[in-house]
4 protein chains.
Amino acid sequence: MQPALERMISLGEKSPFYQLLGMKIEEVRESYARLSIEIDEKHIQLLGTVHGGVMASLADSAAAWAIYGSSDFKGVPVTVEMKINFLKPVKSGRLVAEGRNIHRGSKIFVSDVEVKNCEGDLVAKGLLTYYLVEDK
Amino acid sequence: MQPALERMISLGEKSPFYQLLGMKIEEVRESYARLSIEIDEKHIQLLGTVHGGVMASLADSAAAWAIYGSSDFKGVPVTVEMKINFLKPVKSGRLVAEGRNIHRGSKIFVSDVEVKNCEGDLVAKGLLTYYLVEDK
Amino acid sequence: MQPALERMISLGEKSPFYQLLGMKIEEVRESYARLSIEIDEKHIQLLGTVHGGVMASLADSAAAWAIYGSSDFKGVPVTVEMKINFLKPVKSGRLVAEGRNIHRGSKIFVSDVEVKNCEGDLVAKGLLTYYLVEDK
Amino acid sequence: MQPALERMISLGEKSPFYQLLGMKIEEVRESYARLSIEIDEKHIQLLGTVHGGVMASLADSAAAWAIYGSSDFKGVPVTVEMKINFLKPVKSGRLVAEGRNIHRGSKIFVSDVEVKNCEGDLVAKGLLTYYLVEDK
């Protein structure tokens, strides 16, 4: 891994929102990223299950890191839009999201995300669009 | 407002994830809900702006409460999927999301959401699908 | 309306796919467009209702023309992605789609679309993203 | 393949909208379907490329047939919503869409679709939600 990417990952994990949700960046490699959250009381909503926003946060993050992991990527991927299907409610255990960068245009990048629970069941599936903002 | 709905709102706001993000349910009426978050350091990610997951959490919540607010709604709206466009980065101030229930089928409900910053600019727009789970 | 836009509209309506589906461009003005299709046997699929692709075609077109109608728009809006909810089956009559351009970035444009049947019922709702390709 | 499914496929291909666009159902098996369109002048829009509605029609159809192909599926899959990213413009050749049913709930089904051009490049990617209407 490039030192610049390693630094970014470290900064990402230490950023306040990652700390708030407990998001861990487990792996970033070519066009791929894996992130996780250990589910805790704090992620739970009214109905006793994990709030959809937790899965959306994890999905957006995994999709973005898969783009950072692209060898020829220079700049910052800004989320244009996210579409996510919630397939199964989650109550506890560990959520793992795998992002894959499936398209690189000159400015538009698209990633696919799978979120699984600790039994390996697919609990959410996402398709997200990013816009490249170049480093100044 | 019906007492049952008032109780639900109170339970919703006290739920752990609402507390974690600081989500407030400001208004729920016929097919409409308004929620807000006062942006704080904790919502910020790597790039110094509010994480997309914060806006997604707020959007999903506003869209769901707009369905709870439908006079003829009995049961629990489970999020099938969310699509959200992020239009402007947000760094501080108050985020307000307005959800509107635009379709009620026998089982499928659809809501539209607008998220605005403290200057009233549209910063995100969502379109979400819910499935009715009936109370037992 | 600018002569350049009028020419575009005329070319659009004469293009093969518009002719194939019978899409009419009824109105294009500032950030708004209205298109229609008179439903016919040819739009019908296996189940006896209009194929979702007909509504998707109309929605994408209305959303794009709403961008062409923006006074400060120069270039060509290329569809990045489309999200459309199908709310009611349609069997006959006229479908009318109204596109509204709700966001203009430097490169990214977002439009909202409502499709109604001849009774004025909302039958589909879309949220679409475009990328500006500049004229050479 | 079950005779009932074979009959459905034959009826599907003969339906007016499939004939209009030239959609062929090439393969339907367990949770999978492959459909194609031979691109022709009639699919072209103003900019000289295939209209997004053509790809959306093919994606929706492939996603739905992947559900019909599920061994335990009884009934009719009605499209709740479609999200599709357009990755590359297409001018000619054959479009092939592969639909995969990735989730089966009691009422909600989700399919993933990849559309490729004749060189095998991914030109569109979709994620679609269906609702099961039971046979009477």
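Computed from a predicted model, the values in this text were never measured in an experiment.

## Structural notes on the interface of chain A and chain B
Contacts between the two partners involve 36 residues from chain A and, on the opposite side, 36 residues from chain B. Counting each side, the surface lost to burial between chain A and chain B is near 2700 Å², with a carbon and sulfur contribution of 70%. Together, A:Phe17, A:Leu46 and A:His51 form the three largest contributors to the area buried by chain A at its contact with chain B, with a combined 23%. Across the contact surface, chain A and chain B share twelve residue pairs in polar contact (both at pLDDT 80 or more). Those elements giving two or more residues to the side of chain A that touches chain B turn out to be helix H1 (3–14), helix H2 (16–21), helix H3 (52–68) and strand E3 (76–86) of chain A. Counted by class, the side of chain A that touches chain B contains 20 nonpolar, eleven polar and five charged residues. Here five bridges tie E3(A) to strand E3 (residues 76–86) of chain B, and the two strands are oriented antiparallel to one another. Within E3(B), the position partnered with A:Glu81 by the bridge is B:Asn85.

## Considerations on the pairing of strand E4 (residues 94–104) of chain D
All names here are of chain D. When strand E2 (residues 32–38) meets E4, the two strands line up antiparallel, connected through seven bridges. Residue isoleucine 37 lies in a different strand from E4, and its bridge partner there is leucine 95. Relative to strand E5 (residues 108–116), E4 is paired through eight bridges, and the arrangement is antiparallel. Along E5, the bridge assignment pairs histidine 103 with valine 110. What sits between E4 and E5 in their antiparallel hairpin is a turn of three residues.

## Section: the sheet that holds strand E1 (residues 23–29) of chain D
The sheet built from twelve strands is open, its strands ordered E1(C)-E2(C)-E4(C)-E5(C)-E6(C)-E3(C)-E3(D)-E6(D)-E5(D)-E4(D)-E2(D)-E1(D) with antiparallel pairing. Pairing within the sheet leaves two strands with one partner each, and these edge strands are strand E1 (23–29) of chain C together with E1 of chain D. Put simply, the sheet's adjacent strands are angled 20 degrees from each other on average, direction ignored. Relative to the sheet, helix H3 (residues 52–68) of chain C contacts E1, strand E2 (32–38), strand E3 (76–86), strand E4 (94–104), strand E5 (108–116) and strand E6 (122–133) of chain C together with strand E3 (76–86) of chain D, its axis offset from that of E3(C) by approximately 135 degrees.

## A short note on the relation of the copies chain A and chain B
Each copy of the sequence occupies a distinct position, and chain A is placed on chain B by a rotation of 180 degrees and an axial shift of 0.0 Å, giving an RMSD of 0.0 Å. Those values place the two copies in the arrangement expected of a two-fold rotation axis. When each C-alpha of chain A is compared by its distance to the rotation axis, A:Lys83 comes out closest, at 2.1 Å. A high fraction, 100%, of the interface residues of chain A reappear at the interface in chain B, so the copies pair face to face through one surface.

Reading guide: rules and limits
Each chain has its residues counted from 1, following the order in which its sequence is written. Chain letters start at A and ligand numbers start at 1, both assigned in the order the entries are written. Local features in a predicted model are, by the rule used here, given only for residues with pLDDT of at least 70; side-chain atom pairs are given and counted only at 80 or more, and totals for whole chains, interfaces and linings are based on all residues. Side-chain numbers here rest on the full set of heavy atoms in the structure, without hydrogens or water. Contacts: residue pairs with any heavy atoms within 4.5 Å of one another. Buried area is calculated as the accessible area (1.4 Å probe) missing from two parts once they are joined, with the contributions of both summed. Between N or O atoms, a polar contact is any pair within 3.5 Å; within protein, one atom must be a potential hydrogen donor and the other a potential acceptor, and residues adjacent in sequence are included only when both atoms are from side chains. Helical segments are the DSSP runs of H or I of at least four residues, strand segments are the runs of E of at least two, and each set is numbered from the N terminus. For this scheme, ten residues count as nonpolar: Ala, Val, Leu, Ile, Met, Phe, Trp, Tyr, Cys and Pro. Four count as charged, namely Asp, Glu, Lys and Arg, and the remainder, Gly too, count as polar. What makes two strands pair is DSSP finding at least two bridges between them. Axis lines are fitted through C-alpha atoms, for helices just across the contact stretch, and the angle between N-to-C directions can take any value from 0 to 180 degrees. We superpose the copies by least squares over the C-alpha atoms of residues that have a pLDDT of at least 70 in both of them.

Coordinates in, geometry out; function isn't part of it.
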